[in-house]
Amino acid sequence: MTDSLQIKFGGYQKPASIHNQAAARFGKLLQQRLGEKAGRRLDFQLIGNVLDLGRKSGDLPLMVESGELACCYISTVRFTRWVPELAVIDLPFVVKDRPSVQHALNHAFGAFMKRRFAESSPFRLLGLWDNGFRHLTNRVRPIRTPADCVGLKMRTQMSASHGEALAALGFVPIPADVKEFTEQIGGDRFEAQDNPLTNTYNFGVCQFHRYITLSGHFFGASAMIVNAAWFARQPPDVQTAIDACAVEATAYQHQLAAAEDEVILKKIDPRENEIVTLNDAERAAFVAAMAPVLAKYRGTLDARLFEMLGGP
């Protein structure tokens, strides 16, 4: 008799997104290791965009916790209530470059967070994905200085530190789930937002926001998680396969992320959007404006976390 294993994996993006490509790769790898050749029928279902089901992206961890899903990916900002140390990666200009942060996510920082998830959350952290450097976009004017940000109503992630840092630039922060934001992007509630370029393009933001400033003020990570209790009930070969396939899927996601900015920049129509590239002095002004927020949180977090990320 053939054993059966069902794995539902949830996301919040379109099929072509690098996150959903990595999730699909995870499923394919599991099929190769755990499918019919291993005497098991594997039903891997990728629910790539729970927004299409009327759910918010922020529902994903709760769906995994309840067992509605086995796995998901979602921004690490959604896990700070379980693992407060994750707040370090949300601070402004704390990540210097992609190679160093990807190394940190795969090694010391990632290993530390896997332990903390196991200690403090109902989840097993399978990997930390590269959610990209976040850039400013808006529909009002080009942004080259913090003064250009003053008074603009800005959608922010559900992160207190993000809101504080963006308010320090002069924005009026409005925390909102991505479902709420994408549904209202054409209205008057939001004039600005920040996202990695892949999301700005794939969520259709650039259709409404002419101006894109390559500020790179935040770096984002996404947590790839599995329900810890569900995982613990699985046979050893399933547990080993999930962990191993997650490592391969994470490496693939990092590879895609490293190339994604250039891919998206080539897709953006210069007749429709204006790309603003900051010079060193302009970038330094943004760093200085956000520095008090970084200093505030530095005082509440273990210095070793900054060292793991290679930040200031």
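Our structure is the block above this text.
Residues numbered from 1 in each chain as written. Predicted model: local features only at pLDDT ≥ 70, side-chain atom pairs only at ≥ 80, totals over all residues. Heavy atoms only, no water.

**Notes on the overall build of the chain**
Counting secondary structure elements, the chain contains 11 helices and 9 strands. The C-alpha atoms of the chain give 20 Å as radius of gyration, which agrees with the globular expectation for 312 residues (20 Å, within 12%). Judged by the C-alpha coordinates and their principal axes, the chain covers about 70 × 40 × 30 Å. Looking at the chain residue by residue over its 312 residues, the buried ones come to 55%. Pairs at least 24 apart in sequence give 75% of the contacts found in the chain among residues at least 6 apart. Just so you have it, the chain exposes about 13100 Å², and 52% of that area is on carbon and sulfur atoms. (Helix = DSSP H or I, 4+ residues; strand = E, 2+ residues; numbered from the N terminus. Rg over C-alpha atoms; globule rule 2.2 N^0.38 Å. Buried < 20%, exposed > 50% of the residue type's maximum accessible area, 1.4 Å probe, protein only. Contact = heavy atoms within 4.5 Å. Areas by Shrake-Rupley, 256 points an atom, 1.4 Å probe, with all protein chains shown as cover.)

**Topic: empty space enclosed by the protein**
Applying the stated criterion across every chain yields a total of 2 cavities of 30 Å³ or more. Here the largest cavity is characterised by a volume of approximately 130 Å³. Listing elements by their share of the lining of the largest cavity, those giving two or more residues are strand S3 (71-75) and strand S4 (123-138). A volume near 70 Å³ is recorded for the second largest cavity. Around the second largest cavity sit 13 residues that line it, and Ile-18, Asn-131, Gly-132, Pro-196 and Thr-198 are the ones nearest its centre. Elements that contribute at least two residues to the lining of the second largest cavity include exactly helix H1 (18-34), S4, helix H7 (197-202) and helix H9 (236-267). Residue composition of the lining of the second largest cavity, grouped by class: 3 nonpolar, 6 polar and 4 charged. (1 Å grid on protein atoms, 1.4 Å probe; cavity = no way out; pocket = protein on both sides within 12 Å on 5 of 7 lines; lining within 4 Å. Points joined across faces, edges and corners; volume = space filled by probe spheres on them. Nonpolar A, V, L, I, M, F, W, Y, C, P; charged D, E, K, R; others polar.)

**Some details on the packing of helix H3 (residues 98-106) against H9**
Viewed as axis vectors pointing N to C, H3 and H9 meet at an angle of 165°, and their least axial separation amounts to 12 Å. Judged by the angle between their axes, H3 and H9 are roughly antiparallel. Between H3 and H9 lies a crossing of right-handed hand. Between H3 and H9, the contacting residues are Arg-98, Gln-102, Leu-105 and Asn-106 on the first element and Thr-250, His-254, Ala-257, Ala-258 and Asp-261 on the second. Along the lines of polarity and charge, the residues of the contact of H3 with H9 split into 3 nonpolar, 4 polar and 2 charged. (Axes fitted to C-alpha atoms, helices over the stretch in contact; angles between N-to-C directions. Parallel < 35°, antiparallel > 145°, perpendicular 65-115°, else oblique. Left-handed = near helix turned anticlockwise from the far one by under 90°.)

**Quick look at unusual backbone geometry**
With a phi angle near 55°, Phe-93 is a residue other than glycine that sits in the positive phi range. With respect to the helices and strands, the residue Phe-93 is situated in the loop between S3 and H3.

**A short note on the packing of H1 against H9**
Where H1 contacts H9, the axes come no closer than 8 Å and their chain directions differ by 150°. One way to sum up the angle between H1 and H9 is to call them roughly antiparallel. You can see that H1 and H9 cross each other, and the crossing is right-handed. For the contact of H1 with H9, the class distribution of residues is 16 nonpolar, 4 polar and 5 charged.

**Focus: the layout of surface pockets**
Roughly 210 Å³ of internal volume is contained in the largest pocket. Taken together, the elements giving at least two residues each to the lining of the largest pocket come down to strand S8 (211-227) and H9. For the lining of the largest pocket, a count of residues per class yields 4 nonpolar, 4 polar and 3 charged.

**Topic: helix H4 (residues 108-120)**
The end-to-end C-alpha distance of H4, which contains 13 residues, comes to 18 Å, matching closely the 18 Å that a straight helix rising 1.5 Å per residue would cover. In this structure, the buried residues of H4 make contact with H3, S4, S8 and helix H11 (303-309). (Expected span 1.5 Å × (residues − 1).)

**Here we look at the packing of aromatic side chains**
One pair of aromatic rings is described through two measures. These are the centre distance and the angle between the planes. Counting across every chain of the model gives 12 aromatic pairs. Between the aromatic rings of Phe-79 and Trp-82, the centroid separation amounts to 6.0 Å while the plane-to-plane angle is 40°, which identifies the pairing as tilted. When the centroid spacing of 5.0 Å and the interplanar angle of 90° are considered together, the rings of Trp-82 and Phe-123 count as edge-to-face. Residue Trp-82 is found in the loop between S3 and H3, and its partner Phe-123 is found in strand S4; the two are separated by 41 residues along the sequence. The class for Phe-123 is buried, based on a relative accessible area of 1%. Taking NZ or CZ as reference, Arg-81 lies 3.8 Å from the ring centre of Trp-82, over its face. Cation over ring: Arg-298 sits above Phe-306, and NZ or CZ is 4.4 Å from the ring centre. (Phe/Tyr/Trp six-rings, centres within 6.5 Å; stacked < 30°, edge-to-face > 60°. Lys NZ or Arg CZ within 6 Å of the ring centre and 35° of its normal.)

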